[in-house]
Amino acid sequence: MKTIIEPFRIKSVEPIRFTTREERLKLIEIAGYNPFLLHADDVLIDLLTDSGTSAMSSKQWAGIMDGDESYAGSKSFYRFEDAVKKITGFSYIIPTHQGRASEKILFSIIGGPGKYIPNNTHFDTTRANVEFTGAVAEDFLTETGKHPEIRADFKGNMDVPALEKFIIEKGKENIPACMITITNNSGGGQPVSMQNIREVKDVCVKYGIPLFLDACRFAENAYFIKKREKGYQDKPVLEIAQEMFSYADGATMSAKKDALVNIGGFLAMNDEQLAVNCRNLLIVTEGFPTYGGLAGRDLEAVAQGLEEIVDEHYLQYRIRSTEYLGEKLSAAGVPIIEPPGGHAIYIDAKRFLPDIPPDKYPGQSIACALYIEGGIRSVEIGSVMFGKYDSKGKLISPPMELVRLAIPRRVYTQSHIDYVLEIVTEVYRNRSSLKGYRIVYEAPVLRHFTARFEMME
Ligand code: P61
């Protein structure tokens, strides 16, 4: 087996800025120990997110120049619509400025008090948009997905018996849609199998509930199916993706992930009346239906990105480079979610810092240490992002405390990743010196974006 190389060469580069440890200690303090509040210019390697951070191709940049900025009926819209239809097969394609705009429109229409939305695991914006309407967001992740140390092929799967029990309990009339997030971002970027999608679909059909995919990372999910699920080895990824979408009645998509663009998204469906309602709301909140919240040039870049993302040389490189970081961290003893997911490595903060309890935010502690020691920006996915309070003000923690190292697409080379490995390993070696944190400011929703912290002694 030969070395798997980046299937591109680099035409344009962007310098990154080096800082000293002393400078970073000051900078993270000014940022209230919240990496979201750092200036990106003060970050050396930015693994905060794989969302909107991709390097676009020369063809995407050419598309940007070629974009048609007509208010209505832009040719770029029709190219975008064709590209989305080719992969998803849905009848109605509605452009939005990003994933959460699709969620906001969809749940404003189908959500509301008394309604329930089941998902394998809602991502935070999805949960926030469901709950904002007064509906309830419920997660039904398969058991293996809840155990970071267990290695299994499809840890993003939905727990189908639990889903069915829930539908019977709450009443199918109160469940306007069921969702599956591919790959399962909050659960470690773990894929969902075709068989699981089919089984969920069967339950949905049985109770007359539409199935929606949260399709941000559909191509990575399709590649995992090709590699891991029996019967798919010889199928092109495009066909696997088409089959995945064929079981769904609609999808929300942040094109900032698997469409390789810096901004964009869509909402797609087969139900005509729902599409009419969504478009009417789109006009109020985003824009005319042939541009949504986007410029014509953005639609061109999405259309081109959707062609490039299903390239199997790209996907092989993508999944292997994430796995490379995961394998080396595991070998150094760093506890991570096994096996590595598609877009990110998730450090298991509970095992990394067993002496710092969830209410002292162990994930935040690791994220701050990675910045201080190496200028690396990561994100906590645990009690800071998903924590809630009970009626007595006591923290209710999610099942896992994680730190995500998300890998932007086509941006960093192997030596950047080797540097990340050195820093994480060093922080792990010195983990006994890490401290817990307390929150000194928080917003009522999505608090992790703006919360401020103090280091505890
Ligand atoms: C991310 F810290 N994800 O993973 P939008 N569904 C799914 C997503 O992963 C997702 C969206 C919907 C981000 C960006 C992000 O608190 C955070 O285009 C599975 O970002 O609106 C986004 O898509 C929403 C990072 C979002 C965060 C919220 O990094």
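Criteria and thresholds
- Sequence order as written defines residue numbering, which begins from 1 separately in each chain.
- Side-chain atom pairs in this predicted model are given and counted only at pLDDT of 80 or more, local residue features only at pLDDT of at least 70, and totals for whole chains, interfaces and linings cover all residues.
- Computation of side-chain values: all heavy atoms of the structure, hydrogens and water removed.
- Whether a residue is buried, partly exposed or exposed follows from its accessible area with a 1.4 Å probe, protein chains only, as a fraction of its type maximum: under 20%, in between, or over 50%, in that order.
- Strands are runs of DSSP state E lasting at least 2 residues, helices are runs of H or I lasting at least 4, and numbering of each runs from the N terminus.
- Strand pairing is assigned whenever DSSP detects at least two bridges linking the two strands.
- Every angle, taken between N-to-C directions, lies between 0 and 180 degrees, and every axis is a line fitted to C-alpha atoms, over only the stretch in contact when it is a helix.
- By the convention used here, residues are in contact when the closest approach between their heavy atoms is within 4.5 Å.
- Domain boundaries shown here were taken from an automatic or database domain assignment.
- Accessible surface is computed with a 1.4 Å probe, and the buried area is the amount of it that two parts give up when combined, taken over both parts together.
- Any carboxyl oxygen of Asp or Glu within 4 Å of a side-chain nitrogen of Lys or Arg constitutes a salt bridge here.
- Here a polar contact is taken to be a pair of N or O atoms separated by no more than 3.5 Å, where protein atoms must pair a possible hydrogen donor with a possible acceptor and residues adjacent in sequence count only if both atoms sit in side chains.
- Gly falls in the polar group here, along with every residue not listed as nonpolar (Ala, Val, Leu, Ile, Met, Phe, Trp, Tyr, Cys, Pro) or charged (Asp, Glu, Lys, Arg).

Side chains on a regular strand alternate between the two faces of the sheet. Strand β14 (residues 402-406) sits mainly inside the fold: five of its five residues count as buried. Where strand β9 (residues 344-348) lies against β14, five bridges are found, and the strand directions are antiparallel. Bridge pairing in β14 links Ala344 to Ala406. Two elements, strand β11 (residues 379-381) and β14, share three bridges in a ladder whose sense is antiparallel. Looking across to β14, one finds that Val379 is bridged to Arg404.

Within a sheet, neighbouring strands are paired by backbone hydrogen bonds and run either parallel or antiparallel to one another. Taken together, the three strands give an open sheet; going across it, the order is β9-β14-β11, and neighbouring strands pair in antiparallel fashion. In this open sheet, the two edge strands, each paired with only one partner strand, are β9 and β11. Pairs of neighbouring strands in the sheet enclose a mean axial angle of 35°, with direction left out of account. Those strands touched by helix α12 (residues 312-331) are β9 and β14, and its axis lies near 25° from that of β9.

Another point: the domain arrangement of the chain. Often, the extent of an interface is quoted as the loss of accessible area upon association of its parts. Domain assignment breaks the chain into domain 1 (21-50 + 311-455) and domain 2 (58-308). For the pair domain 1 and domain 2, the summed buried area comes to about 2800 Å², and 56% of that belongs to carbon and sulfur atoms. Arg217 is the partner of Asp50 in a salt bridge, and the nearest nitrogen-oxygen pair spans 2.8 Å. Connecting domain 1 to domain 2 are 19 residue pairs in polar contact (both at pLDDT 80 or more). Listing elements by their share of the side of domain 1 that touches domain 2, those giving two or more residues are α12, β9, α15 (383-386) and β14. For the side of domain 1 that touches domain 2, the leading source of residues is α12, giving six residues. Grouping the amino acids of the side of domain 1 that touches domain 2 by side-chain chemistry returns 15 nonpolar, five polar and eleven charged.

Turning to unusual backbone geometry, a few remarks are in order. At the junction of Ile182 and Thr183, the peptide bond is cis and its omega measures out at -20° in the coordinates. Turning to its location among the elements, Thr183 is positioned in the loop between β5 (178-181) and α7 (194-207). Residues Glu338 and Pro339 are joined by a peptide bond in cis, for which omega reads -15°. Of note, Pro339 is situated in the loop between α12 and β9. Unlike most non-glycine residues, Tyr33 shows phi in positive territory, near 55°. Among the secondary structure elements, Tyr33 is positioned in the loop between α1 (21-30) and β1 (45-46).

On to the sheet that holds strand β2 (residues 92-96). Here five strands make up an open sheet; going across it, the order is β2-β8-β7-β6-β5 and the pairing mixed. Strands at the two margins of the open sheet, each flanked by one partner only, are β2 and β5. Put simply, the sheet's adjacent strands are angled 15° from each other on average, direction ignored.

On to helix α5 (residues 124-132). For α5, the full list of buried residues reads Asp124, Thr125, Thr126, Arg127, Asn129 and Val130. Where α5 ends, the next residue or the one after it, Gly134, has phi of about 95°, a positive value.

When their charged atoms lie close together, side chains carrying opposite charge are able to pair. Enumeration over the complete set of coordinates arrives at 32 salt bridges. The salt bridge partner of Asp50 is Arg409, with a shortest N-O separation of 2.8 Å. Residue Asp50 is found in the loop between β1 and α2 (58-66), and its partner Arg409 is found in the loop between β14 and α16 (414-429); the two are separated by 359 residues along the sequence. Residue classification places Asp50 among the buried residues on the basis of a relative accessible area of 0%. For Glu308, the salt bridge identified is with Arg410, shortest N-O distance 3.0 Å.

Across the five residues of β2, four count as buried, placing the element largely inside the fold. By the bridge criterion, five bridges tie β2 to strand β8 (residues 265-269) in an arrangement that is antiparallel. Residue pairing in the sheet places Thr96 in a bridge with Gly265 of β8.

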